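Below, each chain spelled out in residue letters.
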Amino acid sequence: MISKAWISAFYEKEFGKKPSCFRAPGRINLIGEHTDYNQGFVMPAGIDFYCYVAISDTQAHSSSIIACDYQEKFSFNSLPEKPTSTHWVNYILGVIKAMNKRGKVLPFFNAIIQSDIPVGAGLSSSAALESVFAKAFNTFFNLGFSSMELALIAREAENDFVGLQCGIMDMFASIHAKENHAIRLDCRSLEYEYFPLELADNKIVLFDTCIKHELASSEYNQRRKECEAAVSRLNQLGHRVESLRGVDVSMLHAEKSQLDTLLYKRAKYVIEENARVDKFSKAISTSDWATAGSYLYGSHDGLKNDYEVSCKELDLLVDVARESEGVWGARMMGGGFGGCTINLVKEDKVEEVIEHVKTSYSDTFGVAPKYYIATTGNGACEI
Ligand code: ADP
Ligand code: MG
(Lines give C-alpha, C1' and ligand atoms only; values in the text may rest on other atoms or scores of the structure.)
(Ligands and ions follow the chains in the order given, each with its own letter.)
Protein backbone atom coordinates (compact mmCIF):
# COMPACT_ATOMS: atom_id res chain seq x y z
CA MET A 1 0.00 0.00 0.00
CA ILE A 2 1.40 3.41 -0.95
CA SER A 3 0.84 6.09 1.67
CA LYS A 4 1.26 9.84 1.89
CA ALA A 5 3.59 9.33 4.87
CA TRP A 6 5.90 7.08 2.85
CA ILE A 7 6.04 9.21 -0.27
CA SER A 8 6.48 12.39 1.83
CA ALA A 9 9.34 10.89 3.84
CA PHE A 10 11.03 9.66 0.67
CA TYR A 11 10.72 13.12 -0.86
CA GLU A 12 12.16 14.83 2.21
CA LYS A 13 15.12 12.48 2.25
CA GLU A 14 15.75 13.08 -1.44
CA PHE A 15 15.09 16.81 -1.74
CA GLY A 16 15.36 18.09 1.87
CA LYS A 17 11.93 19.68 1.89
CA LYS A 18 8.35 18.81 2.82
CA PRO A 19 6.28 18.26 -0.35
CA SER A 20 2.63 18.62 -1.22
CA CYS A 21 1.09 15.27 -2.15
CA PHE A 22 -1.52 14.41 -4.75
CA ARG A 23 -3.05 11.29 -6.21
CA ALA A 24 -5.25 10.35 -9.16
CA PRO A 25 -7.05 7.05 -9.72
CA GLY A 26 -7.04 4.46 -12.46
CA ARG A 27 -10.41 3.96 -14.10
CA ILE A 28 -12.81 1.34 -15.30
CA ASN A 29 -15.45 1.77 -17.96
CA LEU A 30 -18.60 0.12 -16.66
CA ILE A 31 -20.47 0.25 -19.95
CA GLY A 32 -20.43 2.19 -23.23
CA GLU A 33 -17.72 0.56 -25.36
CA HIS A 34 -16.74 1.82 -28.81
CA THR A 35 -19.34 4.55 -28.33
CA ASP A 36 -16.88 7.42 -27.71
CA TYR A 37 -15.84 7.97 -31.33
CA ASN A 38 -19.48 7.64 -32.34
CA GLN A 39 -20.31 10.71 -30.22
CA GLY A 40 -22.16 8.51 -27.75
CA PHE A 41 -22.10 7.78 -24.04
CA VAL A 42 -19.52 6.11 -21.79
CA MET A 43 -19.76 5.32 -18.11
CA PRO A 44 -16.42 5.32 -16.33
CA ALA A 45 -15.67 5.30 -12.60
CA GLY A 46 -12.47 5.89 -10.65
CA ILE A 47 -11.09 2.90 -8.78
CA ASP A 48 -9.11 2.55 -5.57
CA PHE A 49 -5.78 2.10 -7.39
CA TYR A 50 -3.87 5.39 -7.53
CA CYS A 51 -0.89 7.20 -8.96
CA TYR A 52 0.73 9.36 -6.23
CA VAL A 53 2.90 12.41 -6.67
CA ALA A 54 4.89 14.43 -4.13
CA ILE A 55 5.96 17.83 -5.42
CA SER A 56 7.55 21.08 -4.31
CA ASP A 57 9.30 24.06 -5.88
CA THR A 58 13.10 24.35 -5.84
CA GLN A 59 15.83 27.02 -5.82
CA ALA A 60 17.78 24.92 -8.32
CA HIS A 61 17.77 25.91 -11.99
CA SER A 62 16.39 22.61 -13.14
CA SER A 63 13.46 20.29 -12.44
CA SER A 64 13.87 16.67 -11.37
CA ILE A 65 11.35 13.85 -11.34
CA ILE A 66 11.93 10.44 -9.79
CA ALA A 67 9.80 7.46 -10.83
CA CYS A 68 10.10 5.16 -7.79
CA ASP A 69 8.58 2.19 -9.62
CA TYR A 70 11.27 2.38 -12.30
CA GLN A 71 14.05 3.65 -10.01
CA GLU A 72 14.80 6.33 -12.56
CA LYS A 73 15.41 10.04 -12.29
CA PHE A 74 14.95 12.60 -15.06
CA SER A 75 16.22 16.19 -14.84
CA PHE A 76 15.74 19.03 -17.29
CA ASN A 77 16.23 22.79 -17.32
CA SER A 78 14.34 23.50 -20.52
CA LEU A 79 11.43 21.64 -21.98
CA PRO A 80 12.56 19.10 -24.61
CA GLU A 81 11.02 19.82 -28.01
CA LYS A 82 10.52 16.16 -28.80
CA PRO A 83 9.58 13.09 -26.72
CA THR A 84 12.56 11.75 -24.77
CA SER A 85 13.81 8.17 -24.64
CA THR A 86 12.71 8.05 -20.98
CA HIS A 87 9.21 7.00 -21.92
CA TRP A 88 7.39 7.72 -18.63
CA VAL A 89 8.59 11.31 -18.45
CA ASN A 90 6.93 12.17 -21.77
CA TYR A 91 3.47 12.01 -20.17
CA ILE A 92 4.56 14.71 -17.71
CA LEU A 93 6.45 16.85 -20.23
CA GLY A 94 3.35 16.65 -22.42
CA VAL A 95 1.26 18.10 -19.59
CA ILE A 96 3.75 20.94 -19.09
CA LYS A 97 3.77 21.63 -22.81
CA ALA A 98 -0.02 21.74 -23.00
CA MET A 99 -0.05 24.17 -20.07
CA ASN A 100 2.62 26.34 -21.73
CA LYS A 101 0.47 26.45 -24.84
CA ARG A 102 -2.28 27.92 -22.70
CA GLY A 103 0.06 30.65 -21.45
CA LYS A 104 1.18 29.11 -18.15
CA VAL A 105 4.91 28.65 -17.68
CA LEU A 106 5.86 26.53 -14.68
CA PRO A 107 8.66 27.35 -12.22
CA PHE A 108 11.27 24.63 -11.56
CA PHE A 109 10.09 21.80 -9.32
CA ASN A 110 11.08 18.43 -7.90
CA ALA A 111 8.66 15.53 -7.87
CA ILE A 112 8.45 11.85 -7.13
CA ILE A 113 5.92 9.37 -8.50
CA GLN A 114 4.69 6.08 -7.17
CA SER A 115 1.68 4.15 -8.39
CA ASP A 116 -0.19 0.94 -7.64
CA ILE A 117 -2.08 0.98 -10.94
CA PRO A 118 -0.84 -1.94 -13.01
CA VAL A 119 0.63 -0.81 -16.33
CA GLY A 120 -1.09 -1.95 -19.50
CA ALA A 121 -3.89 -3.78 -17.69
CA GLY A 122 -6.64 -1.58 -19.11
CA LEU A 123 -6.92 0.59 -15.99
CA SER A 124 -5.26 3.61 -17.61
CA SER A 125 -2.12 4.04 -15.55
CA SER A 126 -0.97 6.63 -18.11
CA ALA A 127 -4.09 8.80 -17.75
CA ALA A 128 -3.66 8.70 -13.97
CA LEU A 129 -0.04 9.84 -14.37
CA GLU A 130 -1.03 12.74 -16.61
CA SER A 131 -4.01 13.63 -14.46
CA VAL A 132 -2.14 13.65 -11.16
CA PHE A 133 0.50 15.98 -12.61
CA ALA A 134 -2.11 18.22 -14.21
CA LYS A 135 -3.84 18.49 -10.84
CA ALA A 136 -0.59 18.91 -8.88
CA PHE A 137 0.76 21.68 -11.15
CA ASN A 138 -2.61 23.44 -11.20
CA THR A 139 -2.94 23.40 -7.41
CA PHE A 140 0.67 23.88 -6.35
CA PHE A 141 1.40 26.69 -8.82
CA ASN A 142 -2.11 28.12 -8.66
CA LEU A 143 -2.67 28.06 -12.41
CA GLY A 144 -6.44 28.43 -12.36
CA PHE A 145 -7.42 25.74 -14.88
CA SER A 146 -10.90 24.21 -14.54
CA SER A 147 -11.15 20.45 -14.10
CA MET A 148 -12.39 20.00 -17.67
CA GLU A 149 -9.39 22.02 -18.91
CA LEU A 150 -7.13 19.72 -16.88
CA ALA A 151 -8.68 16.69 -18.59
CA LEU A 152 -8.17 18.30 -22.01
CA ILE A 153 -4.57 19.17 -21.10
CA ALA A 154 -3.93 15.58 -19.98
CA ARG A 155 -5.38 14.24 -23.22
CA GLU A 156 -3.32 16.67 -25.27
CA ALA A 157 -0.21 15.38 -23.48
CA GLU A 158 -0.99 11.84 -24.62
CA ASN A 159 -2.19 12.78 -28.13
CA ASP A 160 0.40 15.38 -29.09
CA PHE A 161 3.49 14.59 -27.04
CA VAL A 162 3.38 10.85 -26.31
CA GLY A 163 1.76 10.37 -29.70
CA LEU A 164 -1.16 8.14 -28.83
CA GLN A 165 -4.54 9.06 -30.28
CA CYS A 166 -6.90 8.30 -27.41
CA GLY A 167 -10.22 9.84 -26.45
CA ILE A 168 -10.99 12.03 -23.46
CA MET A 169 -12.62 9.38 -21.24
CA ASP A 170 -9.60 8.13 -19.30
CA MET A 171 -8.28 11.52 -18.23
CA PHE A 172 -11.76 12.86 -17.72
CA ALA A 173 -12.52 9.98 -15.35
CA SER A 174 -9.24 10.18 -13.46
CA ILE A 175 -9.91 13.86 -12.74
CA HIS A 176 -13.68 13.85 -12.17
CA ALA A 177 -14.19 10.49 -10.43
CA LYS A 178 -16.19 10.41 -7.21
CA GLU A 179 -16.23 7.58 -4.70
CA ASN A 180 -19.48 5.56 -4.80
CA HIS A 181 -20.39 7.08 -8.16
CA ALA A 182 -20.05 6.35 -11.84
CA ILE A 183 -20.07 9.15 -14.40
CA ARG A 184 -22.11 9.14 -17.56
CA LEU A 185 -20.19 11.22 -20.05
CA ASP A 186 -21.73 12.47 -23.26
CA CYS A 187 -18.83 12.29 -25.72
CA ARG A 188 -20.58 14.71 -28.08
CA SER A 189 -21.12 17.63 -25.68
CA LEU A 190 -18.77 16.60 -22.84
CA GLU A 191 -21.69 17.09 -20.47
CA TYR A 192 -21.64 14.62 -17.63
CA GLU A 193 -23.75 13.35 -14.80
CA TYR A 194 -22.89 11.39 -11.66
CA PHE A 195 -24.88 8.28 -10.83
CA PRO A 196 -24.75 6.57 -7.41
CA LEU A 197 -22.78 3.34 -7.49
CA GLU A 198 -23.05 2.12 -3.91
CA LEU A 199 -21.31 -1.19 -4.37
CA ALA A 200 -22.00 -2.10 -0.71
CA ASP A 201 -21.20 -5.80 -0.47
CA ASN A 202 -20.24 -6.12 -4.14
CA LYS A 203 -16.86 -5.74 -5.80
CA ILE A 204 -15.58 -4.99 -9.25
CA VAL A 205 -13.33 -7.83 -10.35
CA LEU A 206 -11.16 -7.45 -13.44
CA PHE A 207 -9.73 -10.48 -15.15
CA ASP A 208 -6.78 -9.69 -17.36
CA THR A 209 -6.08 -11.99 -20.31
CA CYS A 210 -2.60 -10.36 -20.51
CA ILE A 211 -2.84 -10.69 -24.28
CA LYS A 212 -3.40 -8.23 -27.08
CA HIS A 213 -4.05 -9.86 -30.44
CA GLU A 214 -2.23 -8.21 -33.28
CA LEU A 215 -5.31 -7.23 -35.21
CA ALA A 216 -6.49 -4.97 -32.34
CA SER A 217 -5.43 -1.66 -33.85
CA SER A 218 -6.24 -2.45 -37.48
CA GLU A 219 -9.69 -3.71 -36.47
CA TYR A 220 -10.22 -0.62 -34.33
CA ASN A 221 -9.53 1.62 -37.32
CA GLN A 222 -11.73 -0.60 -39.45
CA ARG A 223 -14.65 -0.24 -37.00
CA ARG A 224 -14.31 3.53 -37.05
CA LYS A 225 -14.47 3.46 -40.83
CA GLU A 226 -17.47 1.13 -40.82
CA CYS A 227 -19.36 3.44 -38.48
CA GLU A 228 -18.55 6.42 -40.71
CA ALA A 229 -19.69 4.42 -43.74
CA ALA A 230 -23.01 3.61 -42.03
CA VAL A 231 -23.53 7.33 -41.31
CA SER A 232 -22.67 8.21 -44.92
CA ARG A 233 -25.14 5.67 -46.25
CA LEU A 234 -27.92 6.97 -44.01
CA ASN A 235 -27.22 10.48 -45.29
CA GLN A 236 -27.41 9.21 -48.88
CA LEU A 237 -30.79 7.76 -47.97
CA GLY A 238 -31.99 11.23 -47.03
CA HIS A 239 -31.36 11.34 -43.29
CA ARG A 240 -29.41 14.23 -41.83
CA VAL A 241 -27.14 12.62 -39.22
CA GLU A 242 -23.60 13.56 -38.21
CA SER A 243 -22.80 10.39 -36.31
CA LEU A 244 -24.47 7.20 -35.10
CA ARG A 245 -25.54 9.19 -32.06
CA GLY A 246 -28.16 10.82 -34.25
CA VAL A 247 -29.60 7.45 -35.35
CA ASP A 248 -32.31 5.66 -33.40
CA VAL A 249 -33.52 2.08 -33.58
CA SER A 250 -36.57 2.89 -35.67
CA MET A 251 -34.52 4.74 -38.32
CA LEU A 252 -32.08 1.86 -38.48
CA HIS A 253 -34.83 -0.75 -38.79
CA ALA A 254 -36.59 1.24 -41.49
CA GLU A 255 -33.38 1.36 -43.54
CA LYS A 256 -32.21 -2.20 -42.82
CA SER A 257 -32.79 -3.43 -46.38
CA GLN A 258 -30.87 -0.43 -47.78
CA LEU A 259 -27.82 -0.99 -45.59
CA ASP A 260 -24.98 -3.40 -46.09
CA THR A 261 -25.45 -6.27 -43.58
CA LEU A 262 -22.12 -5.64 -41.90
CA LEU A 263 -22.72 -1.90 -41.53
CA TYR A 264 -26.18 -2.63 -40.17
CA LYS A 265 -24.70 -4.89 -37.47
CA ARG A 266 -22.07 -2.33 -36.47
CA ALA A 267 -24.61 0.48 -36.27
CA LYS A 268 -27.07 -1.70 -34.39
CA TYR A 269 -24.49 -2.47 -31.72
CA VAL A 270 -23.58 1.20 -31.21
CA ILE A 271 -27.21 2.34 -31.01
CA GLU A 272 -28.10 -0.45 -28.59
CA GLU A 273 -25.01 0.19 -26.47
CA ASN A 274 -25.91 3.86 -26.07
CA ALA A 275 -29.36 2.81 -24.91
CA ARG A 276 -27.80 0.28 -22.50
CA VAL A 277 -25.69 3.01 -20.88
CA ASP A 278 -28.87 4.88 -20.09
CA LYS A 279 -30.64 1.82 -18.70
CA PHE A 280 -27.57 0.70 -16.77
CA SER A 281 -27.23 4.11 -15.10
CA LYS A 282 -30.81 3.88 -13.85
CA ALA A 283 -30.28 0.33 -12.55
CA ILE A 284 -27.16 1.17 -10.54
CA SER A 285 -28.85 4.25 -9.07
CA THR A 286 -31.32 1.94 -7.36
CA SER A 287 -28.72 -0.77 -6.65
CA ASP A 288 -30.64 -3.15 -8.91
CA TRP A 289 -27.59 -5.32 -9.54
CA ALA A 290 -29.39 -8.11 -11.39
CA THR A 291 -30.71 -5.66 -13.99
CA ALA A 292 -27.42 -3.77 -14.18
CA GLY A 293 -25.57 -7.08 -14.62
CA SER A 294 -27.88 -8.14 -17.46
CA TYR A 295 -26.83 -5.01 -19.40
CA LEU A 296 -23.17 -5.92 -18.89
CA TYR A 297 -23.84 -9.30 -20.47
CA GLY A 298 -25.87 -7.58 -23.20
CA SER A 299 -22.94 -5.29 -23.92
CA HIS A 300 -20.60 -8.25 -24.22
CA ASP A 301 -22.96 -10.13 -26.52
CA GLY A 302 -23.20 -7.10 -28.79
CA LEU A 303 -19.43 -6.62 -28.84
CA LYS A 304 -18.97 -10.30 -29.62
CA ASN A 305 -21.70 -10.90 -32.20
CA ASP A 306 -22.50 -7.57 -33.85
CA TYR A 307 -19.38 -5.46 -33.38
CA GLU A 308 -17.05 -8.49 -33.54
CA VAL A 309 -14.22 -7.15 -31.40
CA SER A 310 -14.06 -9.91 -28.78
CA CYS A 311 -11.82 -12.98 -28.85
CA LYS A 312 -11.93 -16.51 -27.50
CA GLU A 313 -10.06 -15.59 -24.31
CA LEU A 314 -12.48 -12.78 -23.42
CA ASP A 315 -15.49 -14.91 -24.36
CA LEU A 316 -14.36 -17.72 -22.12
CA LEU A 317 -13.91 -15.34 -19.18
CA VAL A 318 -17.44 -14.01 -19.68
CA ASP A 319 -18.93 -17.49 -20.23
CA VAL A 320 -17.38 -18.76 -16.99
CA ALA A 321 -18.60 -15.65 -15.14
CA ARG A 322 -22.10 -16.28 -16.49
CA GLU A 323 -22.22 -19.73 -14.95
CA SER A 324 -20.63 -18.68 -11.63
CA GLU A 325 -22.79 -18.05 -8.60
CA GLY A 326 -22.38 -14.53 -7.26
CA VAL A 327 -21.60 -12.79 -10.56
CA TRP A 328 -24.21 -10.18 -11.49
CA GLY A 329 -22.73 -9.45 -14.88
CA ALA A 330 -19.55 -9.35 -16.94
CA ARG A 331 -18.26 -8.03 -20.23
CA MET A 332 -15.06 -7.31 -22.08
CA MET A 333 -13.73 -3.84 -21.29
CA GLY A 334 -11.70 -1.67 -23.66
CA GLY A 335 -11.11 -1.92 -27.39
CA GLY A 336 -11.17 -5.73 -27.49
CA PHE A 337 -9.04 -8.55 -28.95
CA GLY A 338 -7.49 -8.97 -25.50
CA GLY A 339 -7.26 -6.91 -22.34
CA CYS A 340 -9.65 -7.31 -19.43
CA THR A 341 -13.15 -8.31 -18.54
CA ILE A 342 -15.05 -6.37 -15.91
CA ASN A 343 -17.22 -8.37 -13.52
CA LEU A 344 -19.71 -7.22 -10.93
CA VAL A 345 -19.43 -9.78 -8.14
CA LYS A 346 -20.91 -10.33 -4.66
CA GLU A 347 -18.12 -9.76 -2.17
CA ASP A 348 -18.61 -13.05 -0.33
CA LYS A 349 -18.28 -14.95 -3.63
CA VAL A 350 -15.22 -13.17 -4.95
CA GLU A 351 -12.69 -15.82 -3.86
CA GLU A 352 -14.79 -18.66 -5.25
CA VAL A 353 -15.36 -16.89 -8.57
CA ILE A 354 -11.66 -16.15 -8.95
CA GLU A 355 -10.76 -19.80 -8.33
CA HIS A 356 -13.39 -20.99 -10.79
CA VAL A 357 -12.31 -18.56 -13.50
CA LYS A 358 -8.62 -19.30 -12.99
CA THR A 359 -9.17 -23.05 -13.26
CA SER A 360 -11.38 -22.90 -16.34
CA TYR A 361 -9.12 -20.41 -18.09
CA SER A 362 -5.94 -22.38 -17.30
CA ASP A 363 -7.56 -25.62 -18.47
CA THR A 364 -8.17 -24.07 -21.89
CA PHE A 365 -5.28 -21.66 -22.39
CA GLY A 366 -2.58 -23.13 -20.15
CA VAL A 367 -2.05 -19.96 -18.10
CA ALA A 368 -4.07 -18.26 -15.39
CA PRO A 369 -5.42 -14.76 -16.03
CA LYS A 370 -4.30 -11.96 -13.72
CA TYR A 371 -7.02 -10.39 -11.67
CA TYR A 372 -7.66 -7.19 -9.72
CA ILE A 373 -10.31 -6.54 -7.10
CA ALA A 374 -11.46 -2.94 -6.98
CA THR A 375 -14.01 -0.60 -5.57
CA THR A 376 -14.70 3.01 -6.53
CA GLY A 377 -12.27 5.84 -5.81
CA ASN A 378 -12.09 9.64 -5.86
CA GLY A 379 -10.65 11.72 -8.68
CA ALA A 380 -7.37 13.66 -8.69
CA CYS A 381 -6.93 15.57 -5.44
CA GLU A 382 -4.42 16.80 -2.89
CA ILE A 383 -4.01 14.37 -0.01
P1 ADP B 1 -2.19 1.85 -19.49
O2 ADP B 1 -3.24 1.09 -20.21
O3 ADP B 1 -1.91 1.28 -18.14
O4 ADP B 1 -2.47 3.31 -19.48
P5 ADP B 1 -0.13 2.66 -21.30
O6 ADP B 1 0.78 1.89 -22.14
O7 ADP B 1 -1.10 3.59 -21.93
O8 ADP B 1 -0.87 1.62 -20.34
O9 ADP B 1 0.73 3.56 -20.29
C10 ADP B 1 1.71 2.97 -19.51
C11 ADP B 1 2.89 3.92 -19.40
O12 ADP B 1 2.57 4.96 -18.44
C13 ADP B 1 4.12 3.24 -18.85
O14 ADP B 1 4.86 2.61 -19.88
C15 ADP B 1 4.86 4.43 -18.24
O16 ADP B 1 5.55 5.15 -19.24
C17 ADP B 1 3.72 5.30 -17.71
N18 ADP B 1 3.50 4.92 -16.29
C19 ADP B 1 2.49 4.19 -15.78
N20 ADP B 1 2.66 4.00 -14.45
C21 ADP B 1 3.80 4.63 -14.11
C22 ADP B 1 4.55 4.78 -12.89
N23 ADP B 1 4.17 4.21 -11.77
N24 ADP B 1 5.69 5.52 -12.93
C25 ADP B 1 6.12 6.09 -14.08
N26 ADP B 1 5.47 5.95 -15.26
C27 ADP B 1 4.33 5.23 -15.29
MG1 MG C 1 -2.83 4.41 -21.27
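Residues numbered from 1 in each chain as written. Chains lettered and ligands numbered in written order. Predicted model: local features only at pLDDT ≥ 70, side-chain atom pairs only at ≥ 80, totals over all residues. Heavy atoms only, no water.

On the surface, Asp201, Glu347, Asp348 and Glu352 cluster together to form a negatively charged patch. Residue class for Asp201 comes out exposed when judged on its relative accessible area of 51%. (Patch = residues over 30% accessible without salt bridge, like charges linked within 9 Å, V, L, I, M, F, W, Y side chains within 5 Å. Areas by Shrake-Rupley, 256 points an atom, 1.4 Å probe, with all protein chains shown as cover. Salt bridge = Lys/Arg side-chain N within 4 Å of Asp/Glu carboxyl O. Lys, Arg positive; Asp, Glu negative; His and termini not counted. Charge placed at Lys NZ, Arg CZ, Asp CG, Glu CD. Buried < 20%, exposed > 50% of the residue type's maximum accessible area, 1.4 Å probe, protein only.)

Further remarks concern the layout of surface pockets. Counted as a void, the second largest pocket has a volume near 150 Å³. What lines the second largest pocket is simply Ser63, Phe76, Asn77, Ser78, Leu79, Ile96, Asn100, Val105, Leu106, Pro107, Phe108 and Phe109. (1 Å grid on protein atoms, 1.4 Å probe; cavity = no way out; pocket = protein on both sides within 12 Å on 5 of 7 lines; lining within 4 Å. Points joined across faces, edges and corners; volume = space filled by probe spheres on them.)

Next up on the list: the site of ligand 1. Taken together, 13 residues are adjacent to ligand 1, and Asp69, His87, Gly120, Ser125 and Ser126 come closest. Asp69 is positioned with one of its side-chain polar atoms (N or O) 2.7 Å from a nitrogen atom of ligand 1. With the chains in place, 82% of the 570 Å² that ligand 1 exposes on its own is no longer accessible. For the shell around ligand 1, the secondary structure elements donating two or more residues are α2 (87-101) and α3 (125-140). Class assignment for the residues of the shell around ligand 1 results in six nonpolar, six polar and one charged. (Near = heavy atom within 4 Å. Polar contact = N/O pair within 3.5 Å; in protein donor to acceptor, adjacent residues only side chain to side chain. Helix = DSSP H or I, 4+ residues; strand = E, 2+ residues; numbered from the N terminus. Nonpolar A, V, L, I, M, F, W, Y, C, P; charged D, E, K, R; others polar.)

Secondary-structure assignment places Thr364 in helix α11 (residues 350-365). Separated by 25 residues in sequence, Thr364 and Gly339 have C-alpha atoms that sit 17 Å apart.

Where charged atoms from two side chains of opposite charge come close, those side chains can pair. Applying the stated rule across the entire model yields 22 salt bridges. The closest approach of N and O atoms between Arg27 and Asp170, which form a salt bridge, is 2.7 Å. Separated by 143 residues along the polypeptide, Arg27 in strand β1 (residues 20-29) and Asp170 in helix α5 (residues 169-176) bring together distant segments of the chain. A single burial state applies to Arg27 and to Asp170, both of which are buried.

So, about the state of the cysteines. In this structure the tally under the stated criterion is zero disulfides. Unpaired in this structure, Cys51 has its nearest cysteine sulfur neighbour in Cys68, at a distance of 10 Å. Considering cysteine sulfurs only, Cys166 is the nearest to Cys187, which forms no disulfide, with 12 Å between them. Among the residues examined, Cys187 registers a relative accessible area of 14% and is labelled buried. (Disulfide = S-S within 2.5 Å.)

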